[in-house]
Amino acid sequence: MAKFIGKFYYGWFIVFIAGLGVFFSGPGQTYSNSTFIDAYISDFGWSRSQVSGIYSAATLVAGLIMIFIGRFIDRFGQRIMMVVIGVLFAIACFWNSIVSSIWMLALGFFFIRLLGQGSMTLIPNTLVAQWFIKKRGFAFSIMTLGSFISAMLFPVINTWLINTWDWRFAWQFWGVLLLLVFVPIALFGVRNKPEDMGLKPDGPGKQKDMKYKPLIGVNVVKEAAEDWTLTEAKKTRAFWAILVCVGIPAMVNTGITFHVISIFGTNDLSPAIAAMVLSLMAMVGIPMSFISGMITDRIPTNYLLVAIFIIEIILLLMLIVTKSLWMAILFGIVWGIANGLERISLNVIWPNYFGRKHIGSINGVGVTMTVIGSSLGPLPFGVGFDLFHSYTPVLLVTLIFPVIGVICSIIAKKPSKAQIGIKSF
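Please read these numbers as outputs of a predicted model, since none were measured by experiment.

Quick look at the layout of surface pockets
Logical step 1: The computed volume of the largest pocket comes to approximately 700 Å³.
Logical step 2: As for the largest pocket, its lining consists of 31 residues, and the residues nearest its centre are Ser34, Thr35, Asp38, Arg48 and Ile261.
Logical step 3: Going through the elements one at a time, α4 (37-44), α5 (48-76), α8 (136-164), α13 (237-266), α14 (271-296) and α18 (378-388) are the ones with two or more residues in the lining of the largest pocket.
Logical step 4: For the lining of the largest pocket, the residue count by class is 17 nonpolar, 11 polar and three charged.

Next up, the structure:
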């Protein structure tokens, strides 16, 4: 295989598969599920609060289980896990196509959040981290294209499928594509790490001549990639600070995304404008992910997190006063900037801080916090609107969380085993 690829570094094909993985996480993401909510309410007579509550509860339970998915990745490898999860995720899509009761909906939400939002993002993140060190930020920025393309296309495709056929067919459509497209590519294309093919991280180039020896100065930990176990990582202040930083954007973004049509409606903006903002956010996020990847390779990642939370504060304040088309467009642009910076930095920081060897277990805890955070987003927005008939009080209270994020970002400096008395081997 190494001879077959010639001068082309196989890691870039791995990045493509990882990007395909995060693209196909779409059926489990909020931007996709939000297109089905009105159909459920219309067909079954369930209230919006019921559906929101079940969605939040199912996401929370799924998040608590994600830590085990991370351990399975370390044990069985990304290739096996990607294939198994892909098949199970397809089955979950088929299950959602036959939902006929509230308990079936709850179970369906649970599986698509566990397998889609959680597992189908965790596995690609750990896979790319294995294949790149020096070029990790850039590699993640390419992989993240799959996420933004997914966010752009899924709402549009789902709406077309539901309007042309019905919501059941839409679920079946994605289940079939997972089995026929994603699973075979993952089975035959994925290799867990470059060493399995006689290669080294980042591929041929200047770094090959350096033989990956530790560099001098501030880059020592980054280039040497100290490998921490989950137990060791938990002993650092940075680990817990990063967890908070990971959970807050998930909570805020999911709350806004799930209720964006309703939020815009209270400001006399149409659902079409809300859909346009979601697409605009994804489009702006694409170039921003590349910029973020380049920045992440050059400056401490926690500084980037500070900028993200400052932008998030601006976003929440903007949402209160977004009552015209031009403000909606500006909001979409700023939201895209925040998402582009966020998706790269929050993925890169785990392997940059704690190495590659146990990245599944460590990043698994991070994804657990992401899923839990996203589970806590929709319900407060829904309950707050029912109580106050306005989203303004909820948005103002939510400002507390990005402020906490700024503080935690400042705290989350890259740790060293020597600093906390852990011996490196």
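Section: the packing of aromatic side chains
Logical step 1: This model, assessed by the stated rule, comprises 35 aromatic pairs.
Logical step 2: For the pair Phe239 and Trp350, a centre-to-centre distance of 5.7 Å together with 65° between the ring planes defines the contact as edge-to-face. Residue Phe239 is located in helix α13, and its partner Trp350 is located in helix α16 (residues 325-354); the two are separated by 111 residues in the primary sequence.
Logical step 3: Overall, the relative accessible area of 1% leaves Trp350 in the buried class.
Logical step 4: Aromatic ring contacts, followed pair by pair, group Tyr9, Tyr10, Trp12, Phe13, Phe16, Trp131, Phe132 and Phe138 into a single cluster.

Considerations on α13
Logical step 1: For α13, built from 30 residues, the straight-helix expectation of 44 Å at 1.5 Å per residue is met to within 8% by its first-to-last C-alpha distance of 42 Å.
Logical step 2: Maximum bend of α13: about 70°, positioned at Val260.
Logical step 3: A large share of α13 lies buried, amounting to 23 of its 30 residues.
Logical step 4: Looking at the residues trailing α13, positive phi occurs at Asp268, about 65°.

Quick notes on the environment of Pro378
Logical step 1: In this fold, Pro378 is placed in helix α18.
Logical step 2: When residues no more than four places from it in sequence are discounted, the contact partners of Pro378 are Tyr55, Ser56, Thr254, Gly255, Phe258 and His259.

What to know about a nonpolar patch on the surface
Logical step 1: The grouping of Phe68, Phe72, Phe76, Ile80, Val84, Val87, Leu88, Ile91, Val176, Leu179, Leu180 and Val181 at the surface amounts to a nonpolar patch, some 990 Å² of accessible area in total.
Logical step 2: Residue position: Phe76 is located in helix α5.
Logical step 3: On the basis of relative accessibility, which here comes to 38%, the residue Phe76 falls in the partly exposed class.

Considering empty space enclosed by the protein
Logical step 1: Tallying each qualifying case throughout the model produces two cavities of 30 Å³ or more.
Logical step 2: By volume, the largest cavity is sized at about 770 Å³.
Logical step 3: Forming the walls of the largest cavity are 33 residues, and the residues nearest its centre are Gln29, Ser147, Glu342, Arg343 and Thr370.
Logical step 4: Every element with two or more residues in the lining of the largest cavity is listed here: α3 (30-33), α7 (102-131), α8, α13, α14, α16 and α17 (359-375).
Logical step 5: Take the lining of the largest cavity: its biggest share by element is seven residues, from α16.

About the criteria used
Residues numbered from 1 in each chain as written. Predicted model: local features only at pLDDT ≥ 70, side-chain atom pairs only at ≥ 80, totals over all residues. Heavy atoms only, no water. 1 Å grid on protein atoms, 1.4 Å probe; cavity = no way out; pocket = protein on both sides within 12 Å on 5 of 7 lines; lining within 4 Å. Points joined across faces, edges and corners; volume = space filled by probe spheres on them. Helix = DSSP H or I, 4+ residues; strand = E, 2+ residues; numbered from the N terminus. Nonpolar A, V, L, I, M, F, W, Y, C, P; charged D, E, K, R; others polar. Phe/Tyr/Trp six-rings, centres within 6.5 Å; stacked < 30°, edge-to-face > 60°. Buried < 20%, exposed > 50% of the residue type's maximum accessible area, 1.4 Å probe, protein only. Expected span 1.5 Å × (residues − 1). Bend = angle between axes of the 7 residues up to and from the residue. Contact = heavy atoms within 4.5 Å. Patch = residues over 30% accessible without salt bridge, like charges linked within 9 Å, V, L, I, M, F, W, Y side chains within 5 Å. Areas by Shrake-Rupley, 256 points an atom, 1.4 Å probe, with all protein chains shown as cover. Salt bridge = Lys/Arg side-chain N within 4 Å of Asp/Glu carboxyl O.

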